[in-house]
Every structure is written in C-alpha cells, then in structure tokens.
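# Understanding the architecture of this molecule
Take a look at the letters that make up each chain.
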Amino acid sequence: MLMLAGKKIIIGITGSIAAYKMPLVVRQLIKAGAEVKVIMTPAGTDFVSKLTLSTLSKNTVLVDLFDDQSWANHVELGRWADLMLIAPLSCNTLAKIAAGQCDNLLLAVYLSAICPVMIAPAMDEDMWHHPNTKKNLEVLRGNGNIILNTVYGELASGLIGEGRMAEPEDIVAEMEHFFKTSNQLKGKKALVSAGPTYEAIDPVRFIGNHSSGKMGYAIADELANRGAEVTLVSGPVSIQSKNKKIKLVSVTSADEMHTTCTADSASYDIAVMAAAIADYTPTVVADQKIKKKEGELTITLKKTKDVLGSLGKTKTKEQILVGFALETENEKANAQKKLEEKNADLIILNSLKDEGAGFGHDTNKVTLFFKNGKEKQIELKSKSALAKDIVDAIIEIK
Ligand code: CTP
C-alpha cells in the first residue's frame, strides 16, 4: 500500500445500497496514509451515515453546493485531488454525468476535477445491461475515466447476476495499481496504428477488411494511462478515441498509413502496429465509377509497403517495436518468423480458433512471442484487460 501514502483522494458516494461498503474503503485508504475527503449525493446519505464517513476520513463530509453560510468550493476540491473515486456510481448519477448535469456538489466536483477519475458502478443486472447504461458508460470512457468492472453475485433485488460493485479491497487494489503504473511511461513517446485500411478501386468503391480498431485503441489508451505521449494512427473505424490525451491521426489507405507512421519514426520509443493494413492495393484507381459490363472484371493488385517492416529496418536498440500476426496454419513458426523478419521485439499472435477472439469482438485471446525466445499465452479476456498485459510486456522488454 506504499503507493497510497500521502495521496489526496476524493471519494464520491451516490445513492446505491453498495454505499454501505464505502466506510471500509475509506478506512483502508486512511490506514495506507492517504488523505481522504468524502462527497455524497443527497441520495447517498440515505444509505450510509455522514458521521461514520467523517469519523473515518477525519474530514467533514460534503453534500450540498452551498448552505446558509457558505459555498463549497468545488473548483478547489477538483484541483486538490490526485484521484477522484466515484463509488458506488448509481445509474442515476451515471446518466447525469453523461448528460453533463451539475445539480449537486458531486457533479460539480466531477466537472471541475483535473485529476483522473475512477468509477465503480453498482446497479441491478437489468439496469446494468440496459443500452442506456452502456451508452452512458461509453461517454465516461470517452472522458478518459477509469471504469472498474462490476462483479457477479447477489444483488439488492435478491437476484443473482452482474452489476455488483467491486469489493472494497479490489477497489483499493485498483487505486494502488493506478498510482503504481500511471507514471511508468512518463516521458516516453508511443506510436500505435489501429483499424483497417481502405484501398480505393474507383471513386466509390474500396477493398477493406473487418478490423474494428478496438485492440489498437485499447493499447493506445493503456499506454496513455501509463503516462506515455501517444500518437494513434487510425484507419476508418466507427469507434472513437477514448482518451483526450491521445493525438489521433486519421488515415484511409495503406500508403497513407505508411507515410504517417514512418514520417517521424526516430522520435518514438515504442511503436505498436495493431492495424490490419492491406497487403495489396489496386494498381490503378479508376477516375470514374467503373460501369458494369458483360463478362468478368479483373482488378490487378500491387503490393503495399510494409509499415512494420519499414519501422524494423530503421529501429534503434532503444526503440521497442511490436507487431501483430494472424495466421491460419503453422501459427507458432510463422509468428516467430515474423518476429525475426520484421526485426520486432514482440509479436502478438491472434488466435483465430477461439470463439470471442479476433476481429470485431470485445474480447481476444493471444500468445506473445518475445525476441529472447520467451513465449506467453494469455487467456481470453476483454481487449482493455489484454491491453494492460501487452503494455506490461512492453515495459518488461524495456
Ligand atoms: N503490417 C504492416 N504493413 C502492411 C501489412 C501488415 O505494418 N502493409 C503489419 C500489421 O500491422 C501487423 C503485422 O504487419 O502488425 C502482421 O500483419 P500480417 O498481415 O499478419 O502479416 P504480413 O506481414 O502481411 O505477412 P503474411 O501476409 O505473410 O502473413
């Protein structure tokens, strides 16, 4: 718990039954040497007493934006903290945050906070799975908030399911992890490519692929969470960059991807090529829309430039280069060959055989092949959790 000593933490408590667990979180943080200030929504006070929380946090618990005498300085509070934790985050406050509302102190501090915000949602399973909840969580993710997973178990409704708030010791462990890792890559520059490329056939048609960009975006996000300065070069995708700290450069074709990624390659400490870049592109792009005619149509393709290969050629000893591989046969041998031929430090082999892995899914299952011959299998997990493992592996190489 060393990392928590001296840290200034704001805890926001909203109206959910899981609020009764928050005194335990406050107590553990104080024991670890952190400074804690608790803010509650009016509904939060129905579930756990202000007296308990003020006694444990050794600070006055704040609820209202102002009372008869004074006005709570939300800007000052937002600037005071090293981390803001909102736990439990109720469905109602989630919706209010997503809509940018500001009708209580907790919401005003959220909007004023310049520190990272971690949230631990808590709600009944049906509410948790509702499309509105998912949409609202995406808004918070887009704000760069760290969202802790809910857990499966007994719910206040008596049902068993998903939506339970993470347990107090896990929340504290996540906070500890946050402080331990947030500066690991400070001062480092990282380049990440993501998504598909579109290779024009004529003004209205292209050759593309099913890459969603999710894996590359998750890696970019995680590198930024660890303090790196990230440039994300993205092909056409429907997802949005989740982190305002990331510099996004949008490209369309393999050629643009190559030009953009290699332009300033000497300045990067880390490069992760997660994009599914076309290997071939039409030799000629028709000026006008190709009209249909009798018989077959043949499109001749030429090879594109290999971005990973080009970065491998200019790579210095200090730079770390990571590539992906998608193989349908001789997976291991081909991944190892790719590692060598592209002069990469790490190749991440996507498993095509497992359900829930690869293109378009939110989860993935991979094997890591390191330059030193080491191999590491990672079980099926969310792409954001996998991004953490991949960034850990990059840090290990460093
Ligand atoms: N890649 C790249 N430039 C290309 C094609 C691919 O940088 N023009 C990168 C991808 O971003 C990925 C890695 O190469 O990191 C592996 O892509 P893959 O298509 O599996 O490998 P190829 O090098 O194209 O080899 P092969 O088609 O023989 O599998």
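Everything numeric here is computed off the predicted structure, so don't read it as measured data.

Basis of the calculations
Residues numbered from 1 in each chain as written. Predicted model: local features only at pLDDT ≥ 70, side-chain atom pairs only at ≥ 80, totals over all residues. Heavy atoms only, no water. Buried < 20%, exposed > 50% of the residue type's maximum accessible area, 1.4 Å probe, protein only. Helix = DSSP H or I, 4+ residues; strand = E, 2+ residues; numbered from the N terminus. Arc of directions from axis to C-beta. Contact = heavy atoms within 4.5 Å. Pairing = 2+ DSSP bridges. Axes fitted to C-alpha atoms, helices over the stretch in contact; angles between N-to-C directions. Phe/Tyr/Trp six-rings, centres within 6.5 Å; stacked < 30°, edge-to-face > 60°. Lys NZ or Arg CZ within 6 Å of the ring centre and 35° of its normal. Domains from an automatic or database assignment. Buried area = accessible area lost by both parts, 1.4 Å probe. Salt bridge = Lys/Arg side-chain N within 4 Å of Asp/Glu carboxyl O. Polar contact = N/O pair within 3.5 Å; in protein donor to acceptor, adjacent residues only side chain to side chain. Near = heavy atom within 4 Å. Areas by Shrake-Rupley, 256 points an atom, 1.4 Å probe, with all protein chains shown as cover. Nonpolar A, V, L, I, M, F, W, Y, C, P; charged D, E, K, R; others polar. Patch = residues over 30% accessible without salt bridge, like charges linked within 9 Å, V, L, I, M, F, W, Y side chains within 5 Å. Right-handed = clockwise from strand over helix to strand, strands pointing away.

## Some words on helix H10 (residues 254–263)
Turning to H10, its buried residues are Ala254, Met257, His258 and Cys261. Buried residues of H10, seen end-on, are gathered within an arc of 100 degrees and therefore sit on one face of the element. Buried residues along H10 sit in contact with strand S8 (189–194), strand S9 (199–202), strand S11 (229–234), strand S13 (270–273) and helix H11 (307–314).

## Quick notes on the sheet that holds strand S16 (residues 320–326)
The eight strands are arranged S12-S11-S8-S13-S16-S17-S18-S19 in an open sheet whose pairing can be described as mixed. The sheet terminates laterally at strand S12 (247–250) and strand S19 (375–382), the two strands that pair on one side only. On average, adjacent strands in this sheet sit at an angle of 20 degrees to one another, irrespective of strand direction.

## Examining the packing of aromatic side chains
Across all of its chains, the model carries two aromatic pairs by this definition. Both rings, one in Phe178 and one in Phe179, keep their centres 5.0 Å apart while their planes meet at 70 degrees; by these two values the pair is edge-to-face. With a centroid separation of 3.7 Å and 10 degrees between ring planes, the pair formed by Tyr198 and Phe206 is classed as stacked. Judged by its relative accessible area of 26%, Tyr198 is partly exposed. Residue Phe206 is classed as partly exposed on the basis of its relative accessible area of 42%. Residue placement shows Lys37 over the ring face of Trp80; its charged tip is 4.3 Å from the ring centre.

## Notes on the domain arrangement of the chain
Taken domain by domain, the chain holds domain 1 (2–181) and domain 2 (189–397). Computed from C-alpha atoms alone, the centre-to-centre distance between domain 1 and domain 2 is 36 Å. Listed by partner, the interface residues are seven residues for domain 1 and five residues for domain 2. Around 550 Å² of area is buried between domain 1 and domain 2 when both sides are counted, 45% of it from carbon and sulfur atoms. A per-residue breakdown of the area domain 1 buries against domain 2 is headed by Arg141, Gly142 and Thr181, which together make up 55% of the total. Where domain 1 packs against domain 2, one counts zero salt bridges. The interface formed by domain 1 and domain 2 holds zero residue pairs in polar contact (both at pLDDT 80 or more) in total.

## Quick notes on the site of the ligand
The ligand sits among 15 residues. The nearest are Met273, Ala275, Leu308, Phe324 and Lys342. Contact between the ligand and Asp279: an oxygen atom at 2.9 Å from a side-chain N or O atom of the residue. In the model, an oxygen atom of the ligand is placed 2.8 Å from a nitrogen or oxygen of the Phe324 main chain. For the ligand, whose free accessible area comes to 570 Å², the fraction covered by protein is 75%. Only H11 and S16 provide two or more residues apiece to the shell around the ligand. Here the shell around the ligand gets three residues from one element, more than from any other, and that element is S16. Looking at the shell around the ligand, its residues break down into eight nonpolar, two polar and five charged.

## Overview of a nonpolar patch on the surface
Where nonpolar side chains cluster on the molecular surface, the patch consists of Ile207, Tyr280, Leu297, Ile299 and Leu301 and spans about 450 Å² of accessible area. Among the structural elements, Ile207 can be located in strand S10 (residues 205–207).

## Regarding the pairing of S16
Most of S16 sits out of view: six of its seven residues are buried. As defined by bridge partners, S13 adjoins S16 across four bridges and the pair is classed as parallel. If you follow Val272 over to S16, its bridge partner there is Val322. Relative to strand S17 (residues 346–350), S16 runs parallel, the two being bridged by five bridges. If you follow Val322 over to S17, its bridge partner there is Leu346. On the question of chirality, the crossover connecting S16 to the parallel S17 by way of helix H12 (residues 331–341) is right-handed.

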